[in-house]
Amino acid sequence: MEYIIKNGTVYDPTNKVDGEKMDICVKDGRIVEKVSNNATVLDASNKIVMPGGVDSHSHIAGAKVNTGRTLRPEDSKKDVWQKEGLRKGSGFSVPSTYKTGYQYSGMGYTTVIEAAMPPLIARHTHEEFVDLPQIDKAAMPLFGNNWMVLEYLKNGDLNMCAAYVAWLLKATRGFAIKIVNPGGTEAWGWGKNVHGLDDEIPYFGITPRDVVRGLAQVNEMLGLPHSIHVHPNNLGHPGNWETTLDTMDCVKDIKAKPKHGKRDTVYYNTHVQFHSYGGTSWKDCVSKGVEVAEYVNKHDHLMVDIGQITLDETTTMTADGPMEYDLHMTNGLKWANCDVELETGSGVVPFIYSPKGPVYSLQWAIGLDLFLHANSDKVILTTDHPNAGPFIRYPRVIAWLISEQYRKDWIENRVHKWAAQKSHITDTDREYTMYEIAKITRANTSKVLGLSDDRGHLGLGARADLAIYDIDPEEKNGKKIEKAFLEANYVFKDGDIVVKDGNVVKEVFGNTIYVDAKINEELEAELMKDLEPRFKKYYSVNIENYPVQEAYANQWEPINIDATEIK
């Protein structure tokens with residue numbers, strides 16, 4: 001099928017296209033220079049055109065997500081999806097699989113990354129991916145509390161650690177190295193936690209600093225597409241901003257060496273809003289968003305996503321088990337917590353971010369402090385779905401960024417006075433441009449993930465994943481901005497129109513992306529010699545039953561990496 005999208009106002013930061021009126025040609029699923037006279041013409045006059053959205057951090061599939069659905073039937077009742085010709089679904093903060101795909105697609109997103117996959121139960125994540133339409137997806141296995149990683153790093157054996165990471169990525173069909181509260185979840189198995197970068201991890205005798213630095217080195221030895229993806233220690237605790245800066249700083253001497261993609265960073269700090277708190281308690285807590293943003297602006301080795309609070313009732317879920325216990329003790333609501341054998345753990349707790357609550361309003365303002373004081377080349381829009389709010393609030397976050405008037409309305413009429421008193425949100429009149437919105441939702445994410453060769457832009461040869469929004473680039477009415485980005489005028493996935501006027505008109509099933517890093521045969525044999533007795537002694541499954549099989553995807557999209565030089 002051929003299309004020509006005529007006269008749209010195009011925002012494509014990867015190719016330095018900033019609001020130019022131009023035509024985009026689509027043929028055989030790719031962006032091309034020209035099409036034949038038989039091409040279908042779409043008139044995009046007075047509309048904006050962007051690449052398909054790429055979400056680098058969301059929780060959309062797997063065991064903890066399903067635990068959230070099971071734990072909260074009231075969330076399912078809150079939002080029911082029922083449209084003719086499509087699968088029914090439900091769930092506001094933890095939507096069912098089909099509803100998740102439909103709603104992301106309706107907003108113009110075409111690639112979404114599940115940011116935390118317990119390796120042992122990776123099949124559950126991939127099973128849900130199979131039932132998640134409209135988008136390409138990938139999942140990040142958890143490494144920061146894994147016994148084998150901790151043991152290899154304790155022994156200073158980076159080569160064996162690299163071999164293990166490569167093996168686990170392939171076995172679980174995983175995409176990147178995810179680190180959550182390094183050492184803290186393992187300590188939680190002993191009823192403890194770690195709070196600083198140099199606290200000792202029980203039994204292993206190494207520190208979170210050793211884990212973050214070691215895995216960052218391993219990441220670059222392997223040349224993986226994405227950098228390490230880090231949720232630092234002390235999430236959600238007043239005074240944690242110093243831990244955050246220490247963690248960012250501890251890898252600044254490591255150089256990026258990707259063998260796929262164009263990233264130039266070695267560290268990705270996720271949901272940095274939750275890690276930018278000053279003070280010593282919630283009584284004297286203040287925003288340190290500006291200080292953290294200034295560090296990010298001055299350093300080239302990192303990228304951050306925000307994890308913007310949306311002031312909704314939601315469902316928190318993370319592999320940071322001790323933090324979820326803290327949340328449960330804070331709000332007294334029901335909770336779930338579990339340990340995943342040698343690898344990780346997790347917790348799930350409902351949470352109500354009321355706009356009338358002083359702390360929640362301050363958290364909201366801290367996220368916006370970060371957005372408004374950071375270089376737009378260095379930040380990414382997320383809500384850490386569903387932890388700080390559901391992904392369907394992205395259009396509202398965009399409205400807060402584009403319109404100072406809309407922010408003021410919330411500050412003056414909707415949120416608690418702490419938002420203005422304890423942050424810097426009223427110190428700036430900055431308004432994001434559409435070009436900057438395209439950066440933080442498309443260009444930055446595809447680059448940092450190592451996927452910018454074929455997505456996140458509209459250059460020749462790119463996947464024909466794109467969105468058309470019916471909005472004036474100068475629009476400042478918050479409600480109109482929200483509506484336009486919630487209900488895209490058109491969305492293309494691999495060259496097919498899949499959304500029209502916010503409604504899914506064609507159901508497609510995207511690829512599951514994973515990394516296949518080939519390691520030296522002798523090193524792999526040495527790894528297996530070490531792993532097999534560990535599986536027999538400690539795991540509840542045999543090593544032969546551990547890898548995810550071919551059947552667990554609609555289409556696999558491997559990224560092949562040659563790391564055989566590691567011996």
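About the cut-offs
- Residues numbered from 1 in each chain as written.
- Predicted model: local features only at pLDDT ≥ 70, side-chain atom pairs only at ≥ 80, totals over all residues.
- Heavy atoms only, no water.
- Buried < 20%, exposed > 50% of the residue type's maximum accessible area, 1.4 Å probe, protein only.
- Helix = DSSP H or I, 4+ residues; strand = E, 2+ residues; numbered from the N terminus.
- Arc of directions from axis to C-beta.
- Contact = heavy atoms within 4.5 Å.
- Polar contact = N/O pair within 3.5 Å; in protein donor to acceptor, adjacent residues only side chain to side chain.
- Disulfide = S-S within 2.5 Å.
- Pairing = 2+ DSSP bridges.
- Axes fitted to C-alpha atoms, helices over the stretch in contact; angles between N-to-C directions.
- Core = buried A, V, L, I, M, F, W, Y, C linked by side-chain atoms within 4.5 Å.
- Left-handed = near helix turned anticlockwise from the far one by under 90°.
- Nonpolar A, V, L, I, M, F, W, Y, C, P; charged D, E, K, R; others polar.
- Parallel < 35°, antiparallel > 145°, perpendicular 65-115°, else oblique.
- Right-handed = clockwise from strand over helix to strand, strands pointing away.
- Salt bridge = Lys/Arg side-chain N within 4 Å of Asp/Glu carboxyl O.
- 1 Å grid on protein atoms, 1.4 Å probe; cavity = no way out; pocket = protein on both sides within 12 Å on 5 of 7 lines; lining within 4 Å.
- Points joined across faces, edges and corners; volume = space filled by probe spheres on them.

A.B. asks: Give me helix α17 (residues 478–486): which residues, what numbers.
C.D. replies: By the burial criterion, the buried members of α17 are G478, I481, E482, A484 and F485. Seen along its axis, α17 keeps its buried residues to an arc of 165°; they face one direction. Projecting away from the buried face of α17 at angles above 90 degrees are the exposed residues K480 and K483. Looking at the buried side of α17, the elements it contacts are β5 (48–51), α13 (394–402), α14 (404–413), α16 (434–448) and β19 (466–469). Among the residues of α17, the N-terminal cap falls to N477, whose side-chain oxygen and the backbone nitrogen of K479 are separated by 3.0 Å.

A.B. asks: Go over the state of the cysteines with me, naming the residues and quoting the values.
C.D. replies: Taken as a whole and judged by the stated rule, the model has zero disulfides. The thiol of C250 is unpaired, and the distance to the nearest cysteine sulfur, on C161, comes to 15 Å.

A.B. asks: Which residues make up the sheet that holds strand β17 (residues 344–352), and what values do they have?
C.D. replies: Strand order in the open sheet made by the three strands is β15-β17-β16, with antiparallel pairing throughout. Where the open sheet ends on each side, the last strands, each with one partner, are β15 (313–318) and β16 (336–340). Recorded for the sheet is a direction-independent mean angle of 15° between the axes of neighbouring strands. The strands touched by helix α1 (residues 63–71) within the sheet are β15, β16 and β17, with β17 carrying the most contacts at an inclination of about 40°.

A.B. asks: Summarise the nonpolar core; cite the residues concerned and give the values.
C.D. replies: Grouped together as the largest cluster of nonpolar side chains are 160 residues, with contacts concentrated most on W167, L215, L222, M248, W364 and F371. Considering each element in turn, this core owes the most residues, eleven residues, to helix α6 (residues 158–172). Sequence-distant contacts of F371, that is, excluding residues within four places in its chain, are made with I306, Q308, V379, I380, L381, V397, L401, R430, Y432 and I440. Among the nonpolar cores identified, the runner-up in size contains 18 residues, and A44, A464, I468 and F492 belong to it.

A.B. asks: I'd love a proper account of the packing of helix α10 (residues 289–298) against helix α12 (residues 358–373), names of residues and values included.
C.D. replies: Relative to each other, α10 and α12 sit at 35°, their axes nearing to 8 Å. Of the two elements, α10 crosses α12, and the hand of that crossing is right-handed. Between α10 and α12, the contacting residues are G289, V290, V292, A293 and N297 on the first element and D369, L370 and H373 on the second. Across the contact of α10 with α12, the residue classes break down as four nonpolar, three polar and one charged.

A.B. asks: Go over the sheet that holds strand β11 (residues 178–180) with me, naming the residues and quoting the values.
C.D. replies: Strand order across the open sheet formed by five strands is β11-β12-β13-β14-β18, with parallel pairing between neighbours. Unpaired on one side and paired on the other, β11 and β18 (379–380) mark the two borders of the sheet. Both strand β14 (residues 302–305) and β18 contribute to a ladder of two bridges, which runs parallel. Across the sheet, residue D305 finds its bridge partner in β18, namely I380. Along the sheet, helix α8 (residues 208–222) makes contact with β11, β12 (228–231) and β13 (267–269), crossing β12 at roughly 160°.

A.B. asks: So, the packing of α13 against α17: which residues are in play, and what are the values?
C.D. replies: Relative to each other, α13 and α17 sit at 140°, their axes nearing to 8 Å. For the element pair α13 / α17, the angle class is oblique. In the crossing of α13 with α17, the sense of the turn from one axis to the other is right-handed. For the pair α13 and α17, the contacting residues are P395, R396, I398, A399 and I402 in the first and G478, I481, E482, F485 and L486 in the second.

A.B. asks: Give a detailed account of the pairing of β14, specifying residues and quantitative values.
C.D. replies: As a general feature of sheets, a regular strand has side chains that alternate between the two faces. Of the two faces of β14, both are covered, the one formed by L302 and V304 as well as the one formed by M303 and D305. Sheet topology note: the β13/β14 ladder contains three bridges and is parallel. Considered in β14, the bridge of Y268 is made with M303. In this fold, β13 hands off to α10, which returns the chain to β14; that crossover is right-handed.

A.B. asks: A description of the environment of T111 should follow, citing residues and the corresponding values.
C.D. replies: Along the chain, T111 falls in strand β9 (residues 109–117). On the accessibility criterion, T111 (0% relative accessible area) is buried. Sequence separation between T111 and S76 is 35 residues; the distance between their C-alpha atoms is 24 Å. A polar contact of 3.0 Å, which involves the side chain of T111, links it to the side chain of R455.

A.B. asks: Run through the pattern of salt bridges, naming residues and quoting values.
C.D. replies: Per the counting criterion, the structure on display carries 37 salt bridges. Its salt-bridge partner being E128, residue R69 comes within 3.1 Å of it at the nearest N-O pair. Here R69, found in helix α1, pairs with E128, found in helix α4 (residues 122–130); they are 59 residues apart in sequence, far enough to count as distant. Judged by relative accessible area, which is 15%, R69 ranks as buried.

A.B. asks: If you had to explain empty space enclosed by the protein to someone new, which residues and values would you point to?
C.D. replies: Left-over empty space is what a probe sized like a water molecule reveals as it rolls over the atoms. Taken as a whole and judged by the stated rule, the model has three cavities of 30 Å³ or more. Computed from the structure, the largest cavity encloses a volume of approximately 40 Å³. Forming the walls of the largest cavity are M107, Y109, Y394, P395, I398, T441, R442, Y469 and F485. The set of elements that each furnish at least two residues to the lining of the largest cavity consists of α13 and α16. With three residues, α13 is the single largest residue contributor to the lining of the largest cavity.

By themselves, these figures tell us nothing about what the structure is for.
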